[in-house]
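These are the residues of each chain, in order.
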Amino acid sequence: MTATLIDGKAVAARLRAGLATRIAGLGWAPGLVVVRVGEDPASGVYVRNKDKAAREAGFASRTRHLPEATTEAELLAEIAALNADPAVDGILVQLPLPAHIRAEAAIEAVDPAKDVDGFHPVNAGRLASGLPGLVPCTPRGAMHLLAGAGATLRGARAIVIGRSQIVGRPMAQLLLGADCTVTIAHSRTADLPGECRRADIVVAAVGRPEMVRGDWIKPGAVVIDVGINRLESGKLVGDVAFTEALPHARAITPVPGGVGPMTIACLLENTLEAALARRGA
Ligand SMILES: Nc1nc2c(c(=O)[nH]1)N[C@@H](CN(C=O)c1ccc(C(=O)N[C@@H](CCC(=O)O)C(=O)O)cc1)CN2
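The model shown is predicted, which means the values in this text are computed figures rather than measured ones.

Caption draft 1: A look at the site of the ligand. The environment of the ligand is formed by 17 residues, the closest being Tyr46, Leu95, Pro256, Gly260 and Thr263. Of all elements in the fold, only strand E4 (90–93), helix H6 (137–148) and helix H10 (259–278) reach the threshold of two or more residues within the shell around the ligand. Take the shell around the ligand: its biggest share by element is 4 residues, from H10. Looking at the shell around the ligand residue by residue, the classes come out as 11 nonpolar, 5 polar and 1 charged. The residue makeup of the shell around the ligand includes at least three contributed by each of domain 1 (29–111) and domain 2 (136–260).

Below, the structure written as structure tokens:
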């Protein structure tokens, strides 16, 4: 058996095209503001890509780029102004922030109704309670990819490796909401390979290059690799040893070109959802 590749670039492009069609029919443009603080080079690329994708789909998108020396109080004042601006439907504060600014303070300052990252504790709590709300973009994208791959979720055993607030925990909640039996594994999990071998769905979100080996994958499992790790050689690899996993998995996401492109597409999906909800449309 060789796994089918789950083409995140293609799924993301279809999702963005569908959003563009819906926005063209609205007669108004949902507003998105991405706030970037400082000069982290990778953030520069991601923020430019978000703005480009948003404009192409018909959003009124802008980037607020603040200097590295911006204080936490200044950032919070900026967010408060965006919260109060009726033309702004979605606000995203690009992470990482400079070390002198607490990410939790910035996340909690965003109006939960405009929190298109889905990171605010109100949205995290709604997700954990099974209530509707804005869902973090990367896990939302991973769920689209599982659906596109035809993965049966009801009754399936799923393992999420990684317990971060922005990927692991919300991913586990989404899988639970889809009636999976979910294990959340982490650095202290005993017998991680054994836990993984029981899983029909594997979501690796641990940030360690190729940590999940091929023989950890149950034959026929669907593997979603959220990791994006740059090796010293410059090569990008995921958290799963991709070539080793191919003969075991039924379907697998590549890195690059898997979950990554879905993050931006789902940001746009969240922004449209936030705009429709805020405007009662
Ligand atoms: N406020 C947020 N900050 C960050 C988030 C986030 O969701 N919200 N996620 C990441 C960065 N990120 C978007 O912001 C992001 C990362 C990667 C990709 C992507 O498409 N990756 C490509 C490979 C890119 C490369 O060549 O380097 C892929 O996987 O194919 C999109 C968005 C941290 N910050």
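Picking up where we left off.
Caption draft 2: Region of interest: the UniProt feature "binding site: NADP(+)" (unreviewed entry) in the protein. Following the UniProt record, one finds the feature "binding site: NADP(+)" (unreviewed entry) at Gly162, Arg163, Ser164 and Ile228. Structurally, the position occupied by Gly162 is in the loop between strand E5 (157–161) and helix H7 (168–177). The exposure class assigned to Gly162 is buried, which follows from the 23 C-beta atoms found within 10 Å. Apart from residues lying up to four places away in sequence, Gly162 is in contact with Val167, Gly168, His186, Ala205 and Val206. Among the secondary structure elements, Arg163 is positioned in the loop between E5 and H7. Using a count of 18 C-beta atoms within 10 Å as the deciding quantity, one classes Arg163 as partly exposed.

Caption draft 3: Seen up close, the environment of His248. As for its position among the elements, His248 is in the loop between helix H9 (242–245) and strand E11 (251–252). Beyond its immediate stretch of four places on either side in the chain, His248 contacts Gly214, Ile217 and Pro219.

Caption draft 4: A look at the sheet that holds strand E2 (residues 31–37). Strand order in the open sheet formed by 3 strands is E3-E2-E4, with parallel pairing between adjacent strands. Whereas interior strands pair on both sides, the edge strands pair on one side only; in this sheet they are strand E3 (60–66) and E4. The mean angle between the axes of side-by-side strands here comes to 15 degrees, regardless of whether they run parallel or antiparallel. For E2 and E4, the ladder comprises 4 bridges, and the chain directions are parallel. Bridge assignment links Val35 to a residue of E4, and that residue is Val93. Each of E2 and E3 touches helix H2 (residues 41–57); the most contacted strand, E2, lies at about 170 degrees to it.

Caption draft 5: How the structure looks around the environment of His144. Topologically, His144 is positioned in helix H6. Take His144: there are 21 C-beta atoms within 10 Å of it, and that puts it in the buried class. For His144, the contacting residues outside a window of four places in its chain are Val11, Leu15 and Met262.

Caption draft 6: Focus on the sheet that holds strand E1 (residues 4–5). Across the sheet, which stays open at both edges, the 6 strands sit in the order E1-E11-E8-E7-E5-E6 with parallel pairing between neighbours. Whereas interior strands pair on both sides, the edge strands pair on one side only; in this sheet they are E1 and strand E6 (181–185). With 4 bridges connecting them, strand E7 (residues 201–204) and strand E8 (residues 222–225) associate as parallel partners. The partner of Val203 across the bridge, within E8, is Ile224.

Caption draft 7: Just helix H1 (residues 8–24), in detail. The terminal C-alpha atoms of H1, which comprises 17 residues, lie 24 Å apart, in line with the 24 Å expected from a rise of 1.5 Å per residue. Residues Gly8, Val11, Ala12, Leu15, Arg16, Leu19 and Ile23 constitute the buried set of H1. Along the long axis of H1, the arc covered by the buried residues comes to 130 degrees, so they all point the same way. Pointing more than 90 degrees away from the buried face of H1 are the exposed residues Ala10, Ala17, Thr21 and Ala24. Looking at the buried side of H1, the elements it contacts are H2, H6 and H10.

Caption draft 8: Focus on the domain arrangement of the protein. When the domains of the protein are assigned, the result is domain 1 (29–111) and domain 2 (136–260). The straight-line distance from the C-alpha centre of domain 1 to that of domain 2 is 29 Å.

Caption draft 9: Quick look at the pairing of E2. Counting buried positions along E2 yields 7 of 7 residues, so the element is predominantly enclosed. Of the two faces of E2, the one holding Gly31, Val33, Val35 and Val37 and the one holding Leu32, Val34 and Arg36 are both buried throughout. Direction of pairing for E2 relative to E3: parallel, over a ladder of 7 bridges. Pairing of Leu32 across the sheet is with Ser61, part of E3. Chirality of the crossover, the property in question, places the unit of E2, H2 and E3 among those that are right-handed.

Conventions adopted
- Residues numbered from 1 in each chain as written.
- Predicted model: local features only at pLDDT ≥ 70, side-chain atom pairs only at ≥ 80, totals over all residues.
- Near = placed C-beta within 6 Å.
- Helix = DSSP H or I, 4+ residues; strand = E, 2+ residues; numbered from the N terminus.
- Nonpolar A, V, L, I, M, F, W, Y, C, P; charged D, E, K, R; others polar.
- Domains from an automatic or database assignment.
- UniProt positions renumbered as here; feature names shortened; annotations may be inferred.
- Buried ≥ 20, exposed ≤ 12 C-beta atoms within 10 Å, placed from the backbone.
- Contact = placed C-beta atoms within 7 Å.
- Pairing = 2+ DSSP bridges.
- Axes fitted to C-alpha atoms, helices over the stretch in contact; angles between N-to-C directions.
- Expected span 1.5 Å × (residues − 1).
- Arc of directions from axis to C-beta.
- Right-handed = clockwise from strand over helix to strand, strands pointing away.

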